[in-house]
Amino acid sequence: MDIRTDHGPAAPPAVEHAGAAPGKHDPAPPRRTPCLPLLLVLGAALPLSVVCGAAIGASGIGAGDVLRYLGAGLTGGTIAPADVPSYTIVWELRLPRAVLAAVVGAGLSVVGVAVQAMVRNALADPFVLGISSGAAVGANAVLLFGTLGALGVWALSTAAFASALLAMALVYAIARTAHGLTPLRLVLTGTALHYGFSAVTTFMVFAAERGESARSAMMWLLGSLGGATWAAVPIAAGAVLAALLHLTLSAGRLNALAMGDETAAALGVDAGRLRRELFLVTAAATGAIVAVSGAIGFVGLMVPHAVRMLVGADHRRVLAVAPLAGAVLLVWVDILSRIALAPAELPVGVLTAVIGVPCFVLLMRRRGSAIGGR
Amino acid sequence: MRIDVDAVTVTVAGARLVEDITLAADSGQLVGLVGPNGSGKSSLLRCVYRALRPTAGVIRLDGEDLHAMSPGEGARRVAALPQETVGEFDFTVAETVAMGRLPHQGVTARTTERDRAECRAALARVGAGHLADRGFLTLSGGERQRVLIARALAQRPRILVLDEPTNHLDIAQQLDVLALVGGSGLTVLTALHDLNLASVHCDLLYVIDHGRIVASGPPAQVLTPALLAEVFGVRAHRVRHPESGAVQLLFDRLPVPVCPAAPS
């Protein structure tokens, strides 16, 4: 017997029932900032911020001069011999630093977005996988004991990147199971190894007992753009752009992954494979970023959330806005870190927190629904 | 589209979750899987929406091997409402439904006018058009389930897989969900806890116990007191629904076997 034909009265046609009284008690829809104007504003703000980064600093060089130097540097023009010291400050010190700040800020933000989706945890950041503290071990070996001295100025970033890759291989090998990488195991393994690596680093600082190098080790752990040179820019920028490209092309799959592995599978997304891809991409980008700037905290945790509060959770929008927002933020934070206590320099990680926390609390209170629903 | 599960076995970490299960759902049929918790219903369904690969056996869609298809090809034929807690990411209802278009989009996941139209139509079909701008996490359980059905419909599948879709819903919402699913015209494979709902709504029932099928057929034939005692460990009385005449069940505990008194 066909049972479905004789249950008519028990199950009314769906639409008729469901269409009743639409939206009677609906709370206001989440307030969202339109994406395009936001992108335009940030897109215009970024080059302006970088120019400001080149113009603002402890030694007072006039804005007109700065623009002239930048013009000369970009077009290959000439400057008077008397201008050479100022030109060097603007073109060789401040500008690469501002550009690197933009690259690092953008990189930390997109990696933060990806890691949060990968481990499906709002508390995750680029450093939760233990990669950065792994990099710190290598970096501090150079700073404190002069390891890899033969590589000269490249010793620090090479050691940091190499030990980041080692840390990545270790985390992957430990977290991996027959069923692939699960979010919780990734976070637990990363966190556990983070403590392990930090202990090694702390012990090295303790054992070195050399005042100034311990200070630079500290600076590196807190993150700093003080060592920025043009040479560091292409490597970091290449790694960040590659990660951004991969993540942008995976934005739809990231949405599915954020809903859960089961849902992802039902939507035709192989969650295990995507998580492996994300692990490699984010770990490599994190390694490249910390190799040039140390472990700058807060940006990779909070920029993704702030952007989600503004434009919603759809990764196609988040991944467009987050790198620009992170870049602008870090350029300005770096400017402040140079002038706040000039001529001394504040660790940039201290300022990211000082500025970021109140902004974030303000946003969260105004648009709370984006964090954990109601 | 017809689905054939052919001699599927699932072994995970040495445990046999599904053992040599063969079942079929014909085009447009609503087929229910019932069985106690842990009997293997979910594992079998996970194979159908490809969260799990059968250790042995084949699943065929109109004769084609499902697991030989690319994940995208599979997802254009089979949509699912898995049993899964929602994450902490605050997608809107419209964004949630739009994910259903993912298997139809290229690598850049660009949204076309057709995608938008499919999503609007799917939301309207489940009567949730007015929820489009709401945050998914702010919805009630019944609303969420409706939106997830809309996502599945936007996927334009031929087969719909549901794992306990009525869990945690009030009775009106439960009837709503089953009416929506039944009226979808798709081939439906669903696990159900509530045997009375299963009896009314399913064309065909498969009873699963310890990873094996122990009975199958139209609900009225399958849901016998003897089987319910054996599989679910309950005493069941069959009554007729006064309007539809469908078999409904009333339950009691089985008489507890009297143990010999322990020596004192």
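Computed from a predicted structure; not experimentally measured.

About the cut-offs
Residues numbered from 1 in each chain as written. Chains lettered and ligands numbered in written order. Predicted model: local features only at pLDDT ≥ 70, side-chain atom pairs only at ≥ 80, totals over all residues. Heavy atoms only, no water. Helix = DSSP H or I, 4+ residues; strand = E, 2+ residues; numbered from the N terminus. Buried < 20%, exposed > 50% of the residue type's maximum accessible area, 1.4 Å probe, protein only. Polar contact = N/O pair within 3.5 Å; in protein donor to acceptor, adjacent residues only side chain to side chain. Contact = heavy atoms within 4.5 Å. 1 Å grid on protein atoms, 1.4 Å probe; cavity = no way out; pocket = protein on both sides within 12 Å on 5 of 7 lines; lining within 4 Å. Points joined across faces, edges and corners; volume = space filled by probe spheres on them. Nonpolar A, V, L, I, M, F, W, Y, C, P; charged D, E, K, R; others polar. Expected span 1.5 Å × (residues − 1). Core = buried A, V, L, I, M, F, W, Y, C linked by side-chain atoms within 4.5 Å. Disulfide = S-S within 2.5 Å.

*Asks:* It is not clear to me how unusual backbone geometry should be interpreted in this structure. Could you clarify?
*Replies:* Working note: non-glycine residues mostly have negative phi, and peptide bonds are mostly trans. Phi is positive for Arg-120 of chain A, which is not a glycine, with a value near 50°. Along the chain, Arg-120 of chain A falls in the loop between α4 (84-118) and α5 (131-145). Phi at Asp-62 of chain B takes a positive value of approximately 45°, unusual for a residue other than glycine. Locating Asp-62 of chain B in the fold gives a position in the loop between β4 (56-61) and β5 (64-65).

*Asks:* Is there a simple way to explain the side chain of Arg-275 of chain A in this structure?
*Replies:* All names here are of chain A. Looking at where Arg-275 falls in the secondary structure, it is placed in helix α12 (residues 271-293). Arg-275 sits in the buried class, given a relative accessible area of 1%. At a separation of 2.8 Å, a polar atom in the side chain of Arg-275 contacts the main-chain carbonyl oxygen of Met-118. The contact partners of Arg-275, leaving out residues within four places of it in the chain, are Met-118, Arg-120, Leu-181, Pro-183, Leu-186, Leu-257 and Asp-261.

*Asks:* Is there a simple way to think about the layout of surface pockets in this case?
*Replies:* Think of a ball as big as a water molecule: rolled over the atoms, this probe shows where empty space is left. As a volume, the largest pocket reaches approximately 870 Å³. Together, 29 residues line the largest pocket, and His-179, Asp-270 and Gly-272 of chain A together with Ala-51 and Leu-52 of chain B are the ones closest to its centre. Secondary structure elements with two or more residues in the lining of the largest pocket: α11 (261-266) and α12 of chain A together with β1 (3-12) of chain B. Per-element accounting of the lining of the largest pocket gives the leading share, five residues, to α12 of chain A. Per-class residue counts for the lining of the largest pocket are 10 nonpolar, eight polar and 11 charged.

*Asks:* Can you walk me through the environment of Ala-239 of chain A in this structure?
*Replies:* All names here are of chain A. Looking at where Ala-239 falls in the secondary structure, it is placed in helix α9 (residues 232-249). With 199 residues separating them along the chain, Ala-239 and Leu-40 place their C-alpha atoms 24 Å apart. Ignoring sequence-local partners within four residues, the contact set of Ala-239 consists of Ala-285 and Ala-288.

*Asks:* Looking at this structure, I do not really get helix α6 (residues 155-175) of chain A. What am I missing?
*Replies:* Helical periodicity: at 3.6 residues per turn, an α-helix aligns residues three or four positions apart in one direction. Taking 1.5 Å per residue as the helical rise, α6 of chain A with its 21 residues ought to reach 30 Å, and the 30 Å between its terminal C-alpha atoms agrees with that figure. Ala-155, Ser-157, Ala-159, Ala-160, Ser-163, Ala-164, Ala-167, Met-168, Val-171 and Ala-175 of chain A are the residues of α6 of chain A that are buried.

*Asks:* I keep staring at the nonpolar core and nothing clicks. Help me out?
*Replies:* Side chains of nonpolar character tend, in soluble globular proteins, to be buried together. Of all hydrophobic cores here, the largest spans 106 residues; its most connected members are Leu-100, Val-104 and Leu-186 of chain A. Other than its neighbours up to four places away in sequence, Val-104 of chain A contacts Leu-225, Ile-289, Val-292, Ser-293, Ile-296 and Leu-330 of chain A. Leu-139, Ile-149, Ala-150 and Leu-178 of chain B belong to the second largest nonpolar core, which has 48 residues in total.

*Asks:* Is there a simple way to think about the state of the cysteines in this case?
*Replies:* Two cysteines whose sulfur atoms are joined by a covalent bond form what is called a disulfide. Under the counting rule described, the total for this entry stands at zero disulfides over all chains. Sulfur of Cys-119 of chain B: no disulfide; nearest cysteine sulfur belongs to Cys-35 of chain A and is 18 Å away. In this structure Cys-119 of chain B comes out as buried when scored by relative accessible area, which is 11%. Cys-47 of chain B provides the cysteine sulfur closest to Cys-202 of chain B, a residue in no disulfide bond, and the two sulfurs are 20 Å apart.

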